[in-house]
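Residues per chain are reported as follows:
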Amino acid sequence: MDTLEQLTREARALANGTPISPAEAELGRVLQICNGCRYCEGFCASFQAMTRRLEFGRADLHYLANLCHNCGACLHACQYAPPHEFAINVPRAMAQVRGQTYGDFAWPAPLGALYRHNGVALSLSLALGLALFLWLAARTDAPVGADFYAIFPHNLLVSLFMPVFGFAVLALGLGVRDFWRAVTPATTGAPVSAPAGAEAAHDVLRLKYLDGGHGEGCNNADDAFSLRRRRAHHLTFYGFLLCFAATSVATLYHYVLGIPAPYDWPSLPKVLGAIGGVMLCVGTLGLWALKWQRHPLHGDPSQRSMDYGFIVLLLLVSASGLALWALRGQSGMALTLCVHLGSVMALFATLPYNKFAHGIYRSAALLRHAVEKRQPNTLGLGGE
Ligand code: SF4
Ligand code: SF4
């Protein structure tokens, strides 16, 4: 039966010109069983969206996989999980298809594949390579006690960072546009309404689906519920936003208000950057520790390098930024500045291919979910 079903799905996908992958076939098999069982239907948006479907085409699988937050709850609740012969592992099947979508929708695609398999090595070599390049280009004759802009003039920094930032925005924009176009017809095709947008924003900003569906948190190392993963994600996410806000406010000060950089404590850019840097540092250390302790059946082991690559870069950016503050005006400042700028550049260059892109696709999937759930359920078999 399974083989016939799989062959039918593959034939349909081939007729559409898109061969179904082994990961997609496995997620389709798992979801057919879950759709009959429905024990987990209240856990998260993925299960709610699943109950509106009897069949799972390629776009449905991509949509459902990106709705999953990999909280692990459905693995620990499942009576058919390994070693049962059904071997139902929803978080892993979702993660494998999700990982595939990062490659499918990445622009340009070869960079996505390269990062996926060599995340840590690529992140570190890019950050250190750029730091070395900056060190060679730095004005090493700047006197001890001088500020950052005696080493790299402000305009030079802007001309170095703007193309990298522009590339990240363009690549991410093209990727999410293609993802949106692919999943919209599979999610009723209805346009986004204000209430749907507000609900999706609320769910994204609160990381609602890391609460395990009951508010006690997700599973990490074992059956126990914990909110630590949600808190570490919040610290990382809001720390990153505060650091970005610090840079944006500094740009506004410099170019619009005519208050030239650098800025000292307690100016707004400095306060935002310091609080954001500490939050980012603590959050990424927490994510690293939680990932290290993660249950071996959670997620997709082949994506570990990509996950750690992103965490390493965020940690390097935040730790070097805080060290730079402590070393300002001292002899180690120039080298620390090169490491900081190199890691920030590497972070932006890899944003379209790392976990940041996954956050953007997940937000798009949550928005489609908020739209879809407001449309009539044509199956009439349950769900929301
Ligand atoms: S994960 Fe297991 S328990 Fe949950 S719906 Fe699927 S088959 Fe049922
Ligand atoms: S791992 Fe969590 S978020 Fe993903 S499908 Fe299972 S319950 Fe939902």
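Residues numbered from 1 in each chain as written. Chains lettered and ligands numbered in written order. Predicted model: local features only at pLDDT ≥ 70, side-chain atom pairs only at ≥ 80, totals over all residues.

> Is there a simple way to think about the site of ligand 2 in this case?
As a structural note, the neighbourhood of ligand 2 is formed by 16 residues, with F43, C44, C68, C71 and C74 the closest of them. Contributions of two or more residues to the shell around ligand 2 are made by α3 (45-50), α5 (73-77) and α6 (90-105). Looking at the shell around ligand 2 element by element, the count peaks at three residues for α6. Split into classes, the residues belonging to the shell around ligand 2 amount to 12 nonpolar, four polar and no charged. (Near = placed C-beta within 6 Å. Helix = DSSP H or I, 4+ residues; strand = E, 2+ residues; numbered from the N terminus. Nonpolar A, V, L, I, M, F, W, Y, C, P; charged D, E, K, R; others polar.)

> Please clarify how the nonpolar core should be interpreted in this entry.
Inside soluble globular proteins, nonpolar side chains tend to come together where they are buried. The biggest cluster of nonpolar side chains holds 87 residues, and the ones touching the most others in it are L27 and L313. Counting residues per element, this core draws most heavily on helix α15 (residues 333-350), at 12 residues. Taken domain by domain, the makeup of this core includes at least three residues from each of domain 1 (2-104) and domain 2 (107-371). (Core = buried A, V, L, I, M, F, W, Y, C linked by C-beta atoms within 7 Å. Buried ≥ 20, exposed ≤ 12 C-beta atoms within 10 Å, placed from the backbone. Domains from an automatic or database assignment.)

> Even after reading the chapter, I still don't get the site of ligand 1, so can you show me in this structure?
Taken together, 13 residues lie near ligand 1, and C34, C37, Y39, C40 and C78 sit nearest. Sorting the residues of the shell around ligand 1 by element identifies α2 (22-37) and α5 as the ones contributing at least two each. In terms of residue count, the dominant contributor to the shell around ligand 1 is α2 (three residues). Of the residues in the shell around ligand 1, the class split is 11 nonpolar, one polar and one charged.

> Explain the environment of L54 here, please?
Residue position: L54 is located in the loop between α3 and α4 (58-67). Along the chain, L54 and G36 lie 18 residues apart, while their C-alpha atoms are 9.6 Å from each other.

> I would appreciate a short explanation of helix α11 (residues 194-206) in the present structure.
In an α-helix, one turn spans 3.6 residues, which is why side chains three or four residues apart end up on the same side. Helix length check: α11 (13 residues) gives 18 Å between terminal C-alpha atoms against 18 Å at 1.5 Å per residue, within 8%. L207 lies just past α11 and shows a positive phi near 50 degrees. (Expected span 1.5 Å × (residues − 1).)

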